[in-house]
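Architecture at a glance
So the chains spell out like this:
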Amino acid sequence: MGERIAATVIEADNAKRRPALDADYAALGERLARRGVDIEAIRQKVAAYGVAIPSWGVGTGGTRFARFPGPGEPRHIFDKLNDCAVIQALTRATPSVSLHIPWDKVDDLGELTDTASTLGLRFDAMNSNTFQDQPGQSHSYKFGSLSHSDSATRNQAIEHNLECIAIGKALGSTALTVWVGDGSNFPGQSHFTRSFERYLESMRAIYADLPDDWRVFTEHKIFEPAFYSTVVQDWGTNYLIAQELGPKAFCLVDLGHHAPTVNIEMIVARLVQFGKLGGFHFNDSRYGDDDLDTGAIDPYRLFLVFNELVDAETRGAKGFDPAHMLDQSHNVTDPIESLMTSAMEVQRAYAQALIVDRVALAAFQDDNDALMASETLKQAFRTDVEPILAKARLDAGGAIAPVPCYRAAGYRAKVAAERPQSTSLGGGIV
Ligand code: LRH
Ligand code: MN
Ligand code: MN
């Protein structure tokens, strides 16, 4: 298709909003200056920040019960890349895409690389998939993959991960994310120790194939699809995996993969402290792995996670270089609008964390002044940093207000005319 979002639409929409933004930015700049914060320094950091879009996020997801496909759903990886390019054009916060194999059919790697570079997109971590059976597959993952009791099934799962690395190498990716659905539904169904030993042995084979400049991220999840036990259930097991495998192995924290009351920001701090925080799958949830839009339910928790990240960045924590990705699934919204909103929420949490008065916070912590320590965080969280985000987008050629601008551009209607209505109604997406 021709121009995805006409530059003239962005310019016209920005022109309307520019006077208000300039006034708001100046007012916020004054307010922050009174707190000793230089707004320009914050804007530069925000402008340099990026979060990867999951290729699977631009389609409509579903629940275990149903899927309600939206208009203009991407048909293949090239449509998905176009949608990702729209998100990046408007938000300037999402320069890369995280692929999922074999959900993304990548037959022509040259064409894929060319398309991505024409669209100005890079490839982030590769995601493997051994939690579903694919047509023609020799061995079923019904009872597990990398930890399966049958070695031929484990080997098939290992081979798939090696293929993901090979594809990623051709695309310029430098990381592999491994999440397995392995686990059990009944007490006694599987032997905890033996299945974890088998998982580790399989992961060692994958690790051995990692190029020198690659990292592997293992992703834990407390439950689902297995409902009694999962092999990689929590950050403790995840940390053990990273320790066992070696220096290129790190833990990935998906915000939806913990028990509802778990203190995720503290897990982040622990993994940072021991040099094993690999990255994030950002999303939000209320009950389980809800995969709701990032910051939709508990933006304060997202801020507290970023508070730990900025703390680590500020004190130059050793080996600190986490990957940032979204991982969400959309049932009732236009996925492009949801992903844009989520990318901006992540950026907002980052900006708010950047303006925390860390000197004051440390002093309150040393004095055991619980109330003022908490208020110091709250002061940053309550600050409306939107003008900083909007200015960063504007300066980079993006939209001051991405969602209204996207609607004004009529992109969804245009692609709906080109892409046949999806008829896939089944549920079962993770
Ligand atoms: C599992 C998960 C994992 C998968 C993705 C589709 O719940 O978070 O990251 O790859 O969902
Ligand atoms: Mn995930
Ligand atoms: Mn998940």
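Everything quoted here is computed from the prediction, not taken from an experiment.

Our next topic: unusual backbone geometry. Across residues other than glycine, the phi torsion is negative in most instances, and most of the peptide bonds are trans. Put simply, I101 and P102 share a cis peptide bond, and its omega is 10 degrees. In this structure, P102 sits in the loop between β2 (96-98) and α4 (109-119). Following E224, the chain continues to P225 via a peptide bond in cis, the omega torsion being 5 degrees. Among the secondary structure elements, P225 is positioned in the loop between β7 (215-219) and β8 (229-230). Backbone geometry at D291 places phi at a positive 55 degrees, although glycine is not the residue there. Relative to the elements of secondary structure, D291 occurs in the loop between β10 (277-282) and α9 (299-314). By the C-beta count within 10 Å, which is 25 here, D291 ends up buried. With a phi close to 55 degrees, N368 is a non-glycine residue in the positive phi region. Within the secondary structure layout, N368 lies in the loop between α11 (358-366) and α12 (370-382).

Moving on to the environment of A409. Of note, A409 is situated in helix α14 (residues 402-409). For A409, a count of 22 C-beta atoms within 10 Å corresponds to the buried category. Separated by 399 residues in sequence, A409 and I10 have C-alpha atoms that sit 8.1 Å apart. Sequence-distant contacts of A409, defined by excluding residues within four places in its chain, comprise I5, A6 and V9.

Our focus in this paragraph is the pairing of β10. Of all 6 residues in β10, 6 are buried; the element is thus mostly enclosed. Crossover strand β9 (residues 249-254) to β10 through helix α8 (residues 264-273) is right-handed. Sheet analysis places β10 next to strand β11 (residues 323-326), joined by 4 bridges and oriented parallel. When the bridges of β11 are listed, G279 appears paired with A323. Where the polypeptide runs from β10 across α9 and back to β11, its parallel neighbour, the crossover connection is right-handed.

Let us look at the environment of R35. Positionally, R35 belongs in the loop between α1 (7-34) and α2 (39-47). Separated by 257 residues in sequence, R35 and L292 have C-alpha atoms that sit 34 Å apart.

Attention now goes to the sheet that holds β10. The strand order across the open sheet formed by 6 strands is β4-β5-β7-β9-β10-β11, and the pairing between neighbours is parallel. Among the strands making up the open sheet, the edge pair consists of β4 (126-127) and β11. Examined bridge by bridge, strand β5 (residues 175-178) and β7 share 4 bridges and lie parallel to one another. For V178, the partnering residue across the bridge sits in β7 and is T218.

As a note on interpretation, predicted positions should not be read in detail where pLDDT is low. In this model, the chain carries an average pLDDT of 96, and 98% of its residues clear a pLDDT of 70 or more. The ipTM assigned to the predicted complex is 0.99, against a pTM of 0.97.

Among all positions of α8, only I264, I267, V268, L271 and V272 are buried. Along the axis of α8, the buried positions cluster into a sector of 135 degrees, meaning they face one direction only. Next to the buried residues of α8 lie α7 (235-245), β9, β10 and α9. After α8 finishes, the residue G275 shows a positive phi value of roughly 65 degrees.

Adjacent strands of a sheet form backbone hydrogen bonds with each other and so pair up, either parallel or antiparallel. Strand order in the open sheet formed by 3 strands is β1-β2-β3, with parallel pairing between adjacent strands. Of all strands in the sheet, those bounded by a partner on one side alone are β1 (53-54) and β3 (122-123). Bridge count for β2 against β3 is 2 bridges, and the pairing is parallel. Across the sheet, residue V97 finds its bridge partner in β3, namely F123.

The next subject is α1. Roughly 50 degrees is the biggest bend found in α1, and it falls at R17, with proline P19 one to four residues downstream. Of the residues making up α1, those classed as buried are I10, D13 and L28. Buried residues belonging to α1 abut α2, α13 (386-395) and α14. At the exit of α1 stands G36, carrying a positive phi of roughly 80 degrees.

Attention now moves to the packing of helix α3 (residues 77-91) against α4. Put simply, α3 and α4 touch, their axes get as near as 10 Å, and they point 15 degrees apart. Classed by the angle they form, the pair α3 and α4 counts as roughly parallel. With respect to the hand of their crossing, α3 and α4 are arranged in right-handed fashion. Residue-level contacts link I77, F78, L81 and A85 of α3 to L112, T115, A116 and L119 of α4. Each residue belonging to the contact of α3 with α4 can be placed in one class, and the counts come to 7 nonpolar, 1 polar and no charged.

Rules and cut-offs
Residues numbered from 1 in each chain as written. Chains lettered and ligands numbered in written order. Predicted model: local features only at pLDDT ≥ 70, side-chain atom pairs only at ≥ 80, totals over all residues. Helix = DSSP H or I, 4+ residues; strand = E, 2+ residues; numbered from the N terminus. Buried ≥ 20, exposed ≤ 12 C-beta atoms within 10 Å, placed from the backbone. Contact = placed C-beta atoms within 7 Å. Right-handed = clockwise from strand over helix to strand, strands pointing away. Pairing = 2+ DSSP bridges. pLDDT = per-residue confidence, 0-100. Arc of directions from axis to C-beta. Bend = angle between axes of the 7 residues up to and from the residue. Axes fitted to C-alpha atoms, helices over the stretch in contact; angles between N-to-C directions. Parallel < 35°, antiparallel > 145°, perpendicular 65-115°, else oblique. Left-handed = near helix turned anticlockwise from the far one by under 90°. Nonpolar A, V, L, I, M, F, W, Y, C, P; charged D, E, K, R; others polar.

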